[in-house]
Every structure is written in structure tokens, then in C-alpha cells.
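So you can see what is in the structure, the chains are spelled out below.
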Amino acid sequence: MNADTPSFVRKPPMDGGPVGDAASPEKLARLSTEIASATATRDALKQLQTALAHANSDRFAEAATLAEQALQLDPNIVYGWHLLGIARDKIDDRTGALDAYERALALSPADPDIAHDLGRLAFRMEMYPQAEVLFRHCLTYQPGAREASNNLGALLRRLMRFDEAIEVLRTAIMVEPEAAMLWLTLGTVVGDQGDVEQAEVFYREALRLAPDYAKALYNLSNMLFAQGRKDEALDHCRRAIALAETPEDLSMMRFAMATMLLADGDLVQGWAFYEARLDKSFSEPVHFLTNRPRWTPGADLAGRHLMLFGEQGLGDEILFANTLDEVLADLGPNGRLTMAVTDRLLPLFQRSFPGVSFGKHLTIKREGRAFRAAAAIKHWDEIDLWAPMGELLKTYRSSLASFPERPNGFMKADPGRVADWTQALSELPGLKVGVLWTSLVLDASRYQYFSPFEEWAPVLRTPGASFVNLQYGDQSEAIAYAQSAFGVKLHQPDGIDLKNDLDDVAALCRAMDLVVGVSNATFNIAAACGAPCWLIGIKSAWPRLGTDRYPWYSQVRAFAPERHGAWDDVMAQVAAALALQIAKGTRAAATG
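Fair warning: this is a prediction, and the values are worked out from it, not measured in the lab. (Residues numbered from 1 in each chain as written. Predicted model: local features only at pLDDT ≥ 70, side-chain atom pairs only at ≥ 80, totals over all residues. Heavy atoms only, no water.)

## A closer look at the nonpolar core
Membership of the largest hydrophobic core comes to 171 residues, with the highest contact counts inside it found for Met339, Phe349, Val515, Trp542 and Tyr553. With 10 residues, helix H14 (residues 247–263) is the single largest residue contributor to this core. Once residues lying within four places of it in the same chain are set aside, the contact partners of phenylalanine 349 are Glu317, Ile318, Ala321, Leu324, Met339, Val341, Phe358 and Met411. By size, the runner-up hydrophobic cluster in this structure holds 31 residues, among which are Phe453, Ala465, Val574 and Ile582. (Core = buried A, V, L, I, M, F, W, Y, C linked by side-chain atoms within 4.5 Å. Buried < 20%, exposed > 50% of the residue type's maximum accessible area, 1.4 Å probe, protein only. Helix = DSSP H or I, 4+ residues; strand = E, 2+ residues; numbered from the N terminus. Contact = heavy atoms within 4.5 Å.)

## A few points about the environment of aspartate 300
Summarising the element assignment, aspartate 300 is placed in the loop between strand E1 (286–288) and strand E2 (305–309). Sequence separation of aspartate 300 and leucine 331 is 31 residues, and the distance between their C-alpha atoms is 8.4 Å. A polar contact is formed between the side chain of aspartate 300 and the backbone nitrogen of alanine 302, at a distance of 3.2 Å. (Polar contact = N/O pair within 3.5 Å; in protein donor to acceptor, adjacent residues only side chain to side chain.)

## Points about the packing of H14 against helix H15 (residues 267–274)
Between H14 and H15, whose axes approach to 8 Å, the crossing angle comes to 155°. What the angle tells us is that H14 and H15 run roughly antiparallel. As H14 packs across H15, the resulting crossing turns out to be left-handed. Side by side, H14 and H15 meet where Arg254, Phe255, Met257, Ala258, Leu261 and Leu262 of the first sit next to Leu267, Gln269, Gly270, Trp271, Ala272, Phe273 and Tyr274 of the second. Taken together, the residues that form the contact of H14 with H15 break down as 10 nonpolar, two polar and one charged. (Axes fitted to C-alpha atoms, helices over the stretch in contact; angles between N-to-C directions. Parallel < 35°, antiparallel > 145°, perpendicular 65-115°, else oblique. Left-handed = near helix turned anticlockwise from the far one by under 90°. Nonpolar A, V, L, I, M, F, W, Y, C, P; charged D, E, K, R; others polar.)

## Structural notes on the sheet that holds E2
Across the sheet, which stays open at both edges, the six strands sit in the order E1-E5-E4-E3-E2-E6 with mixed pairing between neighbours. Of all the strands in the sheet, the pair left with one neighbour each is E1 and strand E6 (385–388). With direction set aside, neighbouring strand axes in the sheet form an average angle of 25°. As paired strands, E2 and strand E3 (residues 336–341) are joined by five bridges and run parallel to one another. (Pairing = 2+ DSSP bridges.)

## Some points on the packing of aromatic side chains
For the structure shown, the criterion picks out 24 aromatic pairs. Ring geometry for phenylalanine 123 against phenylalanine 135: centres 6.4 Å apart, planes inclined by 65°, an arrangement best described as edge-to-face. You can see phenylalanine 123 sitting in helix H6 (residues 112–124) and its partner phenylalanine 135 sitting in helix H7 (residues 128–141), a full 12 residues away along the chain. With a relative accessible area of 0%, phenylalanine 135 lands in the buried category. Aromatic pair tryptophan 183 and phenylalanine 202: ring centres 5.6 Å apart, planes at 45°, arrangement tilted. Here the residue tryptophan 183 occupies a position in helix H10 (residues 180–192), and phenylalanine 202 occupies one in helix H11 (residues 196–209), the gap between them amounting to 19 residues. Comparing tryptophan 183 with phenylalanine 202, the two get one shared label, buried. Aromatic rings pair up to connect Phe255, Trp271, Tyr274, Phe282, Phe403, Trp542 and Trp552 into one cluster. The side chain of arginine 397 reaches across the aromatic face of phenylalanine 403, ending 5.4 Å from its centre. (Phe/Tyr/Trp six-rings, centres within 6.5 Å; stacked < 30°, edge-to-face > 60°. Lys NZ or Arg CZ within 6 Å of the ring centre and 35° of its normal.)

## Quick look at the pattern of salt bridges
Per the counting criterion, the structure on display carries 39 salt bridges. Here glutamate 200 and arginine 229 are joined by a salt bridge, their closest N and O atoms 3.1 Å apart. Note that glutamate 200 is positioned in helix H11 and arginine 229 in the loop between helix H12 (214–226) and helix H13 (230–243), a separation of 29 residues in sequence. Across the salt bridge formed by glutamate 311 and arginine 277, the nearest N and O atoms sit 2.8 Å from each other. One end of the pair, glutamate 311, is in the loop between E2 and helix H16 (314–320); the other, arginine 277, is in the loop between H15 and E1, and 34 residues separate them in sequence. By relative accessible area, glutamate 311 is classed as buried at 2%. A cluster of three or more residues bridged by salt bridges with shared partners is formed by Glu275, Arg277, Arg294, Glu311, Glu391 and Lys394. (Salt bridge = Lys/Arg side-chain N within 4 Å of Asp/Glu carboxyl O.)

## Overview of the side chain of serine 251
Inspection of the secondary structure puts serine 251 in helix H14. Within the structure, serine 251 has its side chain in polar contact with the side chain of serine 281 (distance 3.3 Å). If we skip the residues at most four places from it in the chain, serine 251 touches Ala276, Asp279, Ser281 and Phe282.

## Side note on empty space enclosed by the protein
According to the stated counting rule, one finds three cavities of 30 Å³ or more in the structure shown. What the second largest cavity holds in volume is close to 40 Å³. Around the second largest cavity, the lining residues are Asn322, Pro404, Arg406, Gly409, Phe410, Trp552, Tyr553 and Ser554. Here the lining of the second largest cavity is built from residues that sort into four nonpolar, three polar and one charged. (1 Å grid on protein atoms, 1.4 Å probe; cavity = no way out; pocket = protein on both sides within 12 Å on 5 of 7 lines; lining within 4 Å. Points joined across faces, edges and corners; volume = space filled by probe spheres on them.)

## Concerning the sheet that holds strand E7 (residues 431–436)
In spatial order, the strands read E9-E8-E7-E10-E11-E12; together these six strands make up an open sheet with parallel pairing. Two strands lie at the open edges of the sheet, namely strand E9 (490–491) and strand E12 (556–559), each paired on one side alone. Sheet topology places strand E10 (residues 514–517) next to strand E11 (residues 533–536); three bridges connect them, and they run parallel. Residue glycine 517 lies in a different strand from E11, and its bridge partner there is leucine 535. Packing against the sheet, helix H25 (residues 567–584) makes contact with E7, strand E8 (465–469), E10, E11 and E12, and its axis sits at approximately 170° to E11.

## A short note on the side chain of lysine 432
You can see lysine 432 is positioned in strand E7. There is no salt bridge for the buried lysine 432, and the closest opposite charge comes from aspartate 513, which lies 4.8 Å off by N-O distance. Among the polar contacts listed, one links the side chain of lysine 432 to the backbone oxygen of leucine 428, at a separation of 2.9 Å. For lysine 432, the residues in contact, after removing those within four places along its chain, are Leu425, Ser426, Ser466, Met512, Asp513 and Leu514. (Lys, Arg positive; Asp, Glu negative; His and termini not counted.)

No statement about biological role is implied by the geometric values presented.
Okay, structure coming up:
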């Protein structure tokens, strides 16, 4: 996940691929036949047959060792390389599996099974161009093949090439109309395009064909929850969890259950399921590099030295800092707190919590996985306990009543820079309103979380306000569009990098009369520093915790569409509220 992307602005991933198991009984049976008829030295074939027996017994480490020994005797056995790739794949040796699959395909380029196994691994390793080539290569030899078509459709969806994905899946469905997985993936594609009614039809068709299809139950549950059909959604998700076939599916479904429970206000069960984000099998796991004991919620902290890792997106680090005052109180005068956070947040954190030792964390992505280290800690033996920041929520935010009223926020912008920005903004007429309309990274799984910029017209045309761009990234196109289509000037603040100068961003936001926008990293910085903020988002976003507000920041006023995708209605409400605020002629407040 991009470091600036809060995990909570995306919905749980709709499952649509990649599917298939290189070590399925059918695949291993085919390999057995191929190995039996292969031409190779007797010793090499004997080793491979034993390796295959281990694979059939789910002893893939042993299978990999014996396959390697066989290939040392005869490196030209194509199905030996294929078996080695499968074995390494199953023990999560992705680099080794990639090498073995590639060697197998080089020896037998017309084998669609090898191409598909290699493509599926490339997909999981986020090597999307290579995966697309391999899936198309497979389909050249097996037109309309179920799994390859499904996975190519899922890949094209991931790349937001929706029309191409629909065409691939439609072609495959014409070949196999009874293939439930194809209907499932087609549902994810049209759902990402905003057609939730049609998506539900496709999910229910998948379930008609396969009533115990866990992934279809899971996808349907997410769709129902977004439509406000909460009880039905939770029932479907519970059933999906009970039927999950793989650890990857289980962690994905448990995370979805967490977001639903939290969005429904069940914080105790929600935080319990939220633990799924740390599972090794989760779609975007972070592996924290430390050898110290992990703190467990409820364990006494008094007098201990606790180390906390910032986790997930930059916005999450701000959001989860909501608990730090209580943590420091429990550590007491003899306790110590050390934290690793995003380097761009260090000045803001250090000013806000002067008694804490801060350093940056370093995250390295390898083979589609993230490894996070605390670069500043040299002597880990001084640390008693460690935890990801989100782990604190089980203890300190187990009910809505545990969220304190802090209208001035819990982080501190630089007062000198706030004064400087206040002076600079004084040159603009009317209420000074900072606006945020999207997130820098917009992918298929988060495509529907934001109002299209065109819907901002009634807000930006409200007389009596000057609008200031707070959106990071190159927004020249949007600024030009606002001028030409709305007749509105979006002011670009001078001398600040809105993506990287986050301490100055905090001061700029604090100087605003009002910040209006979506919950990205900048919005969370503004709210945490006590800026008056209005949030525009969907009701089912889990941080709302089943309320009509945003409990993490008590001064935030929340707006949400009543119907799925009804952004025009909610933007009209924001515009009306803004007009009332301008009429008051005062800095905005939480409840208007």
C-alpha cells in the first residue's frame, strides 16, 4: 500500500482472482503421468517420483529438495522444473518458484499449465505486465479456459481496464456458462464500475451455481453492506468465513468482517477481527522486524519500555495516535515510549508528544511483501515490549464512550508557521476553505469512495469563500477545470510541497477557517491538529464506527450520501451548510 494511503479509505478487497492451485490433485495427477512417460536417467526419475509423493502428502519442502536433486542429475526434465516450481510456490519461496517455472516454460513453451502457474505467481508478486502476457499465452493454447480467463479478467480489473476485463470474462462464460468463478469475477468488475445492482445479480448467479462458494458469499456481503443491508451482509460474511478454503481467503474475509462490525458500532468484536490485517496470509501484510516480545492488550505497561510501529498508511499513523495520551499515562513516570513513524511525520509527532522518543521506520517491499524496520533503534535489548500502533485500539478504544472530546485535537502544529499562514491567507477574501477531493492513489478497490470532482461545483461556487487547494500531487488539471467549468479559482498555496512538507501542511490546515474533503492523509493531519473539518465520505466507512460523525476527532462534522453513489445530493448539503457558515461570518464549528 502506498504510504500516503490510509487503509480505511478503501473497502475490503472484492475477491476475483487469481484463482487456481498449482498443487491441486488434478494437476499433480497430470504431473505423475508426464513424469512416468518422461525420458530421463533412472535415478532422476526415481527422485522425481518420490518428490511427487511428498507433494501429494503436502510435504512440499521435502518435495522441493528431491526435485532439486533430480534436476542436478538431469536438468532437462521439464516436469521436474514444473514440480520444483510448484513445491517452492507452496512453501512461499517466490523467487525460487519464479526461476523454476521460467525454466520449465523455456523447455516447454506450449504448455498452458506452466504458463498459467507462472502467470498466477507473477500476479501475486505484482508483476502485472508479465502476468498478462502469460495468461494470454495460456489462452492461446486453451481459448476460453476457465481459470486463465478468470485470472486475466481479475488482472485487467486490477489495472482498471474494465471493458477489456468484461470482454475476456464474457467470452469465457459463453464457453462455460456454469463456471461460478467467472460470474463472481464479472461481478467485481461491474461493481467497480458502480453498477451495484448488476454486480449483485452476478454474485447471486455464482451462488446459484455453487451455493457454498465462500468467495461469492464474501463479495455479496461487501456489496450488501455498502447498500445498508447490514444484517444480511454480516450473515453472508460469517458463512463465508466458515467455508473459507485457504488462509488467504480466511484473512481477507476476517478483515472484511472487522470493517463491517466496526462500521456497525461493535468495537469489541471489530477489533478482534481487525487482527487479520497482521496475518501473514493477508493480501497486504507488513512483517515487523523485531526480536522483542509483543505486547498483548491488557498487559500492564507501568514502568516498561514500549516500542510502537506505525502501520499501514500514513493516515493510519495519525488516526491511531489518538490513543497515545492514555498509553503515556499507563507507562507512568518510570516508563518509556519509543515509536517508529513515517519520516515526513517526525517533526509533527515530536512536537505533539515531547516525552516520546521518535525515529523513522523503513519499509522494503520484496516479492510482493513488505518488511518494516525501526532504523533508529540500535539496542533492541533495551525494549521490553513492542506492538503495532493499531493493537492499542483493543484496550483504549473499546467503546464509543472511550473516545475523548478534544475539539482542539491531540497533535500540535507549529504555532509560528500557523501565524505565518494565517497572515498569508488574510489576503484572500471571505472564509478560507481548504479542499481535498480525492486521494493521490486511486485504484479499482477504492474507486467509489470519492465524489467525482465534477460534483464539487455547488460547493466551490458558494459565494463568500476563498478555496485553497490542499490536495497533494499535481492538481493543475483539476485547478484548470475548476476555473473553466465552474468559474472558480482554486488558490494554490506558495512555497509548500503538500505531499512532503507535512509539518507545514499541518500549520496551513490549522490556519484555515474550514477544511472540507475526503479522509486522506492530509485530512487526518488537519483534524488531529484541531482544524475545523467537514468530512465527505460513505456511511459504511469503518472509522465512523456506526455513528453520524467521526469519533476520532470530536470537532469533525461528517456528510455522507443516503444512497449508494448519490454524490450530487451530499454535495448540495455541503454547499448549503457552507452558505450558512459564511452567513455567520465565523470560523467553522463541528456541528454547524
